[in-house]
Amino acid sequence: MECAFKTKLTFSETDSAIIDGQSRILNWTYNHLLEFANKVKMTNEGTEKDLKTVFSKRGLRNQLPELKIKYSFLKSVHSSPLKNAALRLSEGIEAYQKSRKGKRKGKPMGWPKYRKWSEKYFSLLYDEPKKGFKVSGQKLSLSLGTNNDGKRLKVVGELETSPFSLDNQEIRNLRIKKDMGEYFAIFTVKRSPPAKKSQTRIIAFDPNHKNLAYGVDIDGMAIEIENPWFLKTRQKRIDLLKAKRDKCKRRSQLLESQSGKKYWRPSRRWLFFNKKLEMEYAKRRDQTKQFLFTFSHHLCRYYDVISVGDYTPRGGGINRGMRRAMNNESLIGRFKLTLGWVAQKSGKYADEWQERNSTKTCHRCQKKLEESLPPKIREWDCPNCHFHHIRDENAALNGLLQVSQKFKLPCSGHRSFEVNDRWALYFDGLGLACRSGV
């Protein structure tokens, strides 16, 4: 079983400059190979050998030995990150081909574009175990290429305190990246899977927009996961920066590069607000990941089976703001993906239950209402058994009944689950917090 481990990495001022230089060379290699691929694709001047080079899985990587002879500065980079720069471009071209043929799921992929190092850092990937890097305690030694005298170059960084000792783990690969001016080391570690327990602790969640999800477990405890507080705050800040940036001149000065290509350089004010905007995007991304992984790990710690309704936002909403929040800011899809990943690594089970008609069906007598309930109705009474329902809780109980029947629990065919206690879980920025009496 493999899992990722990310920790902060600190270099000296000299080694930081060396690492940045390595990243710049990788960025140049990527763009240089892309320029060759563009000529073959756009002008149709390439031979059959050139076409195989561009559209094969390792064709561009095999061009590196010739490039090292022509451009000696490429020898200063370790072979592992250098080859992965070429493979990254080949993967982008392959994704473009599959997208055109309809063989790739998700949004359509375009042809790869040139990368600008000042806008996006090019990470260093060491993809072979114990080759090019060495971990000793909190010290990380990176092997680079060779200098003009043929001497091997090295840099040493210091890792932050880790939750487990990397010395006792089998490290599969290492990626060095830079985000918001700080370096990070991302290890892929092979670990032994945890011992699987009997699947007895089960919880079913009903995802919605009022809260992220409302769940009921097999012991009768109801849990409401509240939406993160920072989403609206971050979105308002992003909208404000976008408005200020768009008022500036996008095209300020027409310049010409060394190769003779002309391009527009934005104004300094536009670049200032664009940098601030990228920082806000990075903060929102990191906060969202921390929120989702914190809740997923908490659920996998206490439950063996976690099932979430199959609802996915697909338009709707009364006004433009509501539609935007439902479609663009919803975390339901990412919550399911994160939960599935954490459950797999934890030896637990995560799946989906069919949510159709679960809101308007009484979980006690299975009486189905003729008309759907409007979103503003949060509580209702069953016309058959006169039981008072909380909207989200009733849907989660119907989901729990489905899951119990799927796993063939004792008396699952006619068992009626009841809620004994209600709690709300929310994220306070540092960790999980809860309150009772929802």
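The coordinates are above.
Residues numbered from 1 in each chain as written. Predicted model: local features only at pLDDT ≥ 70, side-chain atom pairs only at ≥ 80, totals over all residues. Heavy atoms only, no water.

*Asks:* What's the story with the overall build of the chain in this structure? I'm lost.
*Replies:* A count of helices and strands for the chain gives nine helices and 18 strands. Counting over 438 residues, the chain shows a buried share of 41%. Surface summary for the chain: the accessible area is close to 26,100 Å², and the carbon and sulfur share equals 49%. (Helix = DSSP H or I, 4+ residues; strand = E, 2+ residues; numbered from the N terminus. Buried < 20%, exposed > 50% of the residue type's maximum accessible area, 1.4 Å probe, protein only. Areas by Shrake-Rupley, 256 points an atom, 1.4 Å probe, with all protein chains shown as cover.)

*Asks:* Would you mind going over unusual backbone geometry with me for this structure?
*Replies:* Generally, phi is negative for residues other than glycine and the peptide bonds are trans, each holding for most cases. The phi angle at N357 is positive, at roughly 65 degrees, despite the residue not being glycine. The residue N357 is located in the loop between β14 (349–353) and β15 (379–381) in this model. Assessed through its relative accessible area of 28%, N357 is described here as partly exposed. A positive phi is found at Q366, a non-glycine position, where the angle reads about 60 degrees.

*Asks:* Sorry if this is basic, but what is going on with the pairing of strand β6 (residues 170–179) here?
*Replies:* Side chains on a regular strand alternate between the two faces of the sheet. Looking at chain direction, strand β2 (residues 124–126) and β6 are connected through three bridges and run antiparallel. Bridge pairing in β6 places L124 opposite I176. With antiparallel pairing between neighbouring strands as the criterion, β6 and strand β7 (residues 182–190) make up a hairpin whose turn holds two residues, including M180 at a positive phi of roughly 55 degrees. (Pairing = 2+ DSSP bridges.)

*Asks:* How should I be thinking about the pairing of strand β11 (residues 253–256) in this particular structure?
*Replies:* Bridging between β11 and strand β12 (residues 262–265) involves four bridges; their strand directions are antiparallel. For L254, the partnering residue across the bridge sits in β12 and is W264. Between the end of β11 and the start of β12, which pair antiparallel, lie five residues, with G260 showing a positive phi angle near 95 degrees.

*Asks:* It is not clear to me how the packing of helix α5 (residues 230–246) against helix α6 (residues 268–302) should be interpreted in this structure. Could you clarify?
*Replies:* Each pair of packed helices can be summarised by the angle the axes make with each other and by the distance between the axes. The geometry of α5 relative to α6 is characterised by a closest axis approach of 9 Å and an angle of 165 degrees between their N-to-C directions. Our classification of the angle between α5 and α6 gives roughly antiparallel. Crossing of α5 against α6: the hand is left-handed. Every residue of α6 that contacts α5 at F230, L231, R234, Q235, R237, I238, L241, K242, K244 and R245 is listed here: W270, F273, N274, K276, L277, E280, Y281, K283, R284, Q287, T288 and F291. By residue class, the composition of the contact of α5 with α6 is nine nonpolar, four polar and nine charged. (Axes fitted to C-alpha atoms, helices over the stretch in contact; angles between N-to-C directions. Parallel < 35°, antiparallel > 145°, perpendicular 65-115°, else oblique. Left-handed = near helix turned anticlockwise from the far one by under 90°. Contact = heavy atoms within 4.5 Å. Nonpolar A, V, L, I, M, F, W, Y, C, P; charged D, E, K, R; others polar.)

*Asks:* Got a minute to help me understand the packing of α6 against helix α8 (residues 332–346) in this structure?
*Replies:* It is at 9 Å that the axes of α6 and α8 come closest, and there the two elements cross at 45 degrees. In terms of orientation, α6 and α8 fall into the oblique class. The interaxial crossing formed by α6 with α8 has right-handed handedness. Counting all contacts with α6, which are made through T288, L292, F293, S296, H297, L299 and C300, the residues of α8 involved are R334, F335, T338, L339, W341, V342, A343 and S346. When its residues are assigned to classes, the contact of α6 with α8 shows nine nonpolar, five polar and one charged.

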